[in-house]
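# Per-entry structural report
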Amino acid sequence: MLSSYLNFRFDVQGKPINGFCMRIQDDFHETYAVIVDGYHSFCVWLDSTSTWRSSKHTSVEPTVLEQIISRITSVEPS
């Protein structure tokens, strides 16, 4: 899991996606603030059932969200 901060850059269907994630303090869930160029910021979190959730008004495409979560979960703790 991501320890605190992660820059990311990838393409989805030929569209470049740039941004970063930052772990934020949450007493109940593993939570990350996500900032993506050209989109409103949003949060993602791992709930008590080990399911990734995102903010109600997340405006990124589902494939972009999947790529971001994949990058968060693939980073080894430091």
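For the structure itself, consult the block above.
Attention here is on the structure that accompanies the text. Owing to the predicted nature of the structure, the values given are computational and were not obtained by experimental measurement.

Procedures and definitions
Residues numbered from 1 in each chain as written. Predicted model: local features only at pLDDT ≥ 70, side-chain atom pairs only at ≥ 80, totals over all residues. Heavy atoms only, no water. Helix = DSSP H or I, 4+ residues; strand = E, 2+ residues; numbered from the N terminus. Rg over C-alpha atoms; globule rule 2.2 N^0.38 Å. Buried < 20%, exposed > 50% of the residue type's maximum accessible area, 1.4 Å probe, protein only. Contact = heavy atoms within 4.5 Å. Expected span 1.5 Å × (residues − 1). Arc of directions from axis to C-beta. Salt bridge = Lys/Arg side-chain N within 4 Å of Asp/Glu carboxyl O.

### With respect to the overall build of the chain
Broken down by element type, the chain carries 1 helix and 5 strands. Its helices and strands taken in sequence order, the chain reads β-β-β-β-β-α from the N to the C terminus. Computed over C-alpha atoms, the radius of gyration of the chain comes to 12 Å, within 12% of the 12 Å expected from 2.2 N^0.38 for 78 residues, which places it in the range of a compact globule. Taken along its principal axes, the extent of the C-alpha atoms in the chain is 35 × 30 × 20 Å. Taken over 78 residues, the chain has a buried fraction of 33%. Residue pairs in contact within the chain that sit at least 24 positions apart in sequence constitute 29% of those at least 6 positions apart.

### A short note on helix α1 (residues 62–74)
For α1, which comprises 13 residues, the first-to-last C-alpha distance of 18 Å matches the rise-based estimate of 18 Å (1.5 Å per residue) to within 8%. Buried within α1 we find Val64, Leu65, Ile68, Ile69 and Ile72. When α1 is viewed along its axis, its buried side chains cluster within an angular range of 130° and face the same direction. Opposite the packed face of α1, turned more than 90 degrees from it, sit the exposed residues Glu66 and Ser74.

### A closer look at the pattern of salt bridges
Inspection of every chain in the model, using the stated rule, returns 2 salt bridges. Linking Glu61 and Lys15 is a salt bridge whose minimum nitrogen-to-oxygen distance equals 4.0 Å. With Glu61 in the loop between β5 (52–54) and α1 and Lys15 in strand β2 (residues 15–24), this pair connects stretches of sequence that are 46 residues apart. Residue classification places Glu61 among the partly exposed residues on the basis of a relative accessible area of 34%. Taking the shortest distance from any N to any O, the salt bridge between Asp47 and Arg53 comes out at 2.9 Å.

Take it as geometry only, folks, not as evidence of what the structure does.
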